[in-house]
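Observations on the model geometry
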Amino acid sequence: MTISISAVILAGGQAKRMGGADKGLQLLHGKPLFQHIYERLRTQVKQIFINANRNHAEYSADGLAVFADRIAGFQGPLSGILTALERSETDFVLFVPCDCPFFPQNLLEKLKSAVVFHGVSIAYAHDGEREHPTFCLMARSLKDKLADYLASGERRMLQFMRQNGAVSVDFSENKQAFTNINTLDDLTRFEKQ
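So, how was this worked out
Residues numbered from 1 in each chain as written. Predicted model: local features only at pLDDT ≥ 70, side-chain atom pairs only at ≥ 80, totals over all residues. Heavy atoms only, no water. UniProt positions renumbered as here; feature names shortened; annotations may be inferred. Salt bridge = Lys/Arg side-chain N within 4 Å of Asp/Glu carboxyl O. Helix = DSSP H or I, 4+ residues; strand = E, 2+ residues; numbered from the N terminus. Buried < 20%, exposed > 50% of the residue type's maximum accessible area, 1.4 Å probe, protein only. Contact = heavy atoms within 4.5 Å. Phe/Tyr/Trp six-rings, centres within 6.5 Å; stacked < 30°, edge-to-face > 60°.

Under the annotation held in an unreviewed UniProt entry, the protein chain carries the name Molybdenum cofactor guanylyltransferase and is attributed to Aggregatibacter aphrophilus. Per its UniProt entry, the protein chain bears the Function (unreviewed entry) comment "Transfers a GMP moiety from GTP to Mo-molybdopterin (Mo-MPT) cofactor (Moco or molybdenum cofactor) to form Mo-molybdopterin guanine dinucleotide (Mo-MGD) cofactor." A UniProt comment under Sequence similarities (unreviewed entry) is attached to the protein chain, and it reads "Belongs to the MobA family."

What follows covers the pattern of salt bridges. Considering all chains together, one arrives at eight salt bridges under this definition. Arg-54 serves as the salt-bridge partner of Asp-22, at 3.9 Å between the closest nitrogen and oxygen. Of this pair, Asp-22 sits in the loop between strand 1 (5-11) and strand 2 (27-28) while Arg-54 sits in the loop between strand 4 (48-52) and helix 2 (56-59), and the two are 32 residues apart along the sequence. Judged by relative accessible area, Asp-22 falls into the buried class, the value being 7%.

A few words on the UniProt feature "binding site: GTP" (unreviewed entry) in the protein chain. Using the residue numbers shown here, the UniProt feature "binding site: GTP" (unreviewed entry) corresponds to Leu-10, Ala-11, Gly-12, Lys-23, Asn-51, Asp-69 and Asp-99. Its place among the elements puts Ala-11 in strand 1. Owing to a relative accessible area of 5%, Ala-11 belongs among the buried residues under this scheme. Beyond its immediate sequence surroundings of up to four residues, Ala-11 is in contact with Asp-22, Ile-50, Asn-51, Ala-52, Asn-53, Tyr-59 and Cys-98. By relative accessible area, which is 3% here, Asn-51 ends up buried. Setting aside chain neighbours within four positions, we find Asn-51 in contact with Val-8, Ile-9, Leu-10, Ala-11, Gly-12, Phe-67, Ala-68, Asp-69 and Gly-80.

Attention shifts here to the packing of aromatic side chains. Across all of its chains, the model carries five aromatic pairs by this definition. Considering the side-chain rings of Phe-135 and Phe-178, the 5.0 Å spacing of their centres and the 85° angle between planes classify their relative orientation as edge-to-face. Separated by 43 residues along the polypeptide, Phe-135 in strand 8 (residues 131-139) and Phe-178 in the loop between strand 9 (167-170) and helix 7 (184-191) bring together distant segments of the chain. A residue is classified by how much of its surface remains accessible, and Phe-135, at 1% relative accessible area, is buried. Each member of the aromatic cluster is reached from another via a ring pair, and the members are Phe-103, Phe-135, Phe-171 and Phe-178.

And the structure:
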C-alpha cells in the first residue's frame, strides 16, 4: 500500500511554562528548537511545514512554509492538526511537537507500518509508560470529523484518537527520545549536556 505523507512541526502553543516565550524559537546549542526538529524530520519525509501562531518571519527564514491555526485563540494542538489536514495534499500527515529535539529517527517508519498493518487512520507514539499523542501519523480524511469534534468544544487529543480507532506504537526501546523541553530550566539543563 502506497500512501503519500507530509509532515508538520507543531509550534503553535502559548508556552505558558516558558513564560510565554515562543518555544520553537528558543535556542539549544545555538539553534532554535524547531530547527533541531526539522533536521531530524527531513531524513524521514520530504515535505515539511510549520504550524505557528506568531513569529512567522522567524520560522520561515529558511524557506519553510508556515501556517497559523484556522481557529483563533491558541486552542491546543488539535487546532493546528485540523488546519494541517485541511491544507494537506497528502494522504497522511506526520505531526511532531517543536519541543522534543531527540525524537526517534524511525518515527515515521514505525507509525506508517502500524497504519498500514492495522488499516487505521491514526497511529501515535507510546514510550512504554506514557502516551505521546502529538507524535502521530493521521489521515487527511479525518479532517471533517476533527472539525466537528473541535466545534463541539472538545480539545482532548487521545479521546479523539480513540474515537477514531487509533493504535499506539511502542517506542519503549527509545524512551528518552521523547524527553521534551517545557521550561527555560529544561533548556539550560540540556544546553550543558
